[in-house]
Amino acid sequence: MNAYWKRAFPIYFMILPGFLFFIIFKYIPMIGISIAFIDYSPFKGITGSEWVGLHYFRRLFAEGDFLVLLKNTLLLNLLDVVFFFPAPILVALLLNEVRAKRFKTAVQTILYAPNFISWVVIVGITILLFATGSGGINQILDNWGLGPLELMTDPQYFRWVWLLQNIWQGAGWGAIIFLAALSTIDPTLYEASTMDGANRWRQVWHITLPGLRNVIVIMFILRFGHIMDLGFEHIFLLQNPMNQDVSKVFETFIYKTGLIQGDYSYSTAVGLFKSVVGLVMVWFVNRLAKRMGQEGVF
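Here goes a summary of the coordinates provided. (Residues numbered from 1 in each chain as written. Predicted model: local features only at pLDDT ≥ 70, side-chain atom pairs only at ≥ 80, totals over all residues. Heavy atoms only, no water.)

**Considering the overall build of the chain**
Phase 1: Within the chain, the secondary structure is distributed over 15 helices and two strands.
Phase 2: The C-alpha atoms of the chain give 24 Å as radius of gyration, which overshoots the globular expectation for 298 residues (19 Å, by more than 25%).
Phase 3: Once the C-alpha set of the chain is aligned to its principal axes, its extents read approximately 80 × 75 × 35 Å.
Phase 4: Counting all 298 residues of the chain, 36% fall into the buried class.
Phase 5: In the chain, once contacts between residues fewer than 6 apart in sequence are set aside, the share between residues at least 24 apart is 65%.
Phase 6: Only carbon and sulfur atoms are counted for the fraction: they give 70% of the accessible area of the chain, which is about 18,600 Å².
Phase 7: Seen as two clouds, the 22 positive and the 18 negative side-chain charges of the chain have centres 10 Å apart. (Helix = DSSP H or I, 4+ residues; strand = E, 2+ residues; numbered from the N terminus. Rg over C-alpha atoms; globule rule 2.2 N^0.38 Å. Buried < 20%, exposed > 50% of the residue type's maximum accessible area, 1.4 Å probe, protein only. Contact = heavy atoms within 4.5 Å. Areas by Shrake-Rupley, 256 points an atom, 1.4 Å probe, with all protein chains shown as cover. Lys, Arg positive; Asp, Glu negative; His and termini not counted. Charge placed at Lys NZ, Arg CZ, Asp CG, Glu CD.)

Here it is, written out as structure tokens:
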């Protein structure tokens, strides 16, 4: 036993920081979930506040804005799954076909760079370019007689602006994991297929994509765990009184009810509802993937 611990101690010691991180910042804060079931008062604390059971969940489902919040959240997530999720895969496939090393490195750097730009800067640049009266692009369009493009105020553009900004910022960075998976594919498979007369398109279809299948399935399952999450900062920065009807989502609703209005119990109940839906979706999609013969997350 002493010999085992002597061998294994460095490994357990390396695991310790990550273990403590999850205990301190993930599991201990879960005690705060109980706030969703009590009429929480900061002065009385969790133990001193009155127990109300499922009152705030019933209030959520009876809320007039609930269906609007659910619709907007699911529509944006649907756009994200249909258009953004395949984007990193496509970027990885295209980069994998580049043979000039210097050119490939330059392209990768350009594609990765937007990930390090904050949403404040990205949305700020968009506003400067497309502001109604003073936006640079709108002034050019107006000079050409085409009229201004109301990207920031017209509700019909909100979802597509959000989606395109997501793709621009995240597609290159998201391709890293797929490029790593591509590096594990046996190169002799490509050599054998070339000898059999397969062109590049057939190699991608019959070798590259099947080699990525397990990673794609796992990432797809994990993505459904965030089916109710869109990222607060990006949505909040794009939101304004003109596009409220299409931009109201659960994240901004929690911010306004919890931090601005001080309704802590209600906002916690909304957050717990989102988390439960995400957990159920992960379980469902994971089970579906296994039934289709794929490897699941668990």
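**Overview of the nonpolar core**
If you look at soluble globular proteins, the nonpolar side chains tend to sit buried side by side.
Phase 1: Counting residues in each nonpolar core, the largest one holds 21 residues, and the members touching the most others are L60, I221, F250, Y266, V270 and F273.
Phase 2: Every element with two or more residues in this core is listed here: α3 (55-62), α4 (66-84), α11 (200-224), α14 (250-260) and α15 (264-291).
Phase 3: Sort the elements by how many residues they give to this core and α15 lands first, with eight residues.
Phase 4: Excluding residues within four positions of it along the chain, Y266 makes contact with Y56, R59, L60, E63, F253 and T257. (Core = buried A, V, L, I, M, F, W, Y, C linked by side-chain atoms within 4.5 Å.)

**A word on the packing of α14 against α15**
Phase 1: With their axes 8 Å apart at the nearest point, α14 and α15 run at an angle of 160° to one another. By the angle between their axes, α14 is roughly antiparallel relative to α15. When the axes of α14 and α15 are compared, the crossing they make is left-handed. Touching F250, E251, F253, I254, T257 and G258 of α14 are Y264, Y266, S267, V270, G271, F273 and K274, all from α15. (Axes fitted to C-alpha atoms, helices over the stretch in contact; angles between N-to-C directions. Parallel < 35°, antiparallel > 145°, perpendicular 65-115°, else oblique. Left-handed = near helix turned anticlockwise from the far one by under 90°.)

**Section: the side chain of T257**
Phase 1: When you line up the elements, T257 lands in helix α14.
Phase 2: On the basis of relative accessible area, T257 is assigned to the buried category, the value being 4%.
Phase 3: A distance of 2.8 Å separates a polar side-chain atom of T257 from the backbone oxygen of F253.
Phase 4: The residues contacting T257, other than those within four sequence positions of it, are G262, D263, Y266 and S267. (Polar contact = N/O pair within 3.5 Å; in protein donor to acceptor, adjacent residues only side chain to side chain.)

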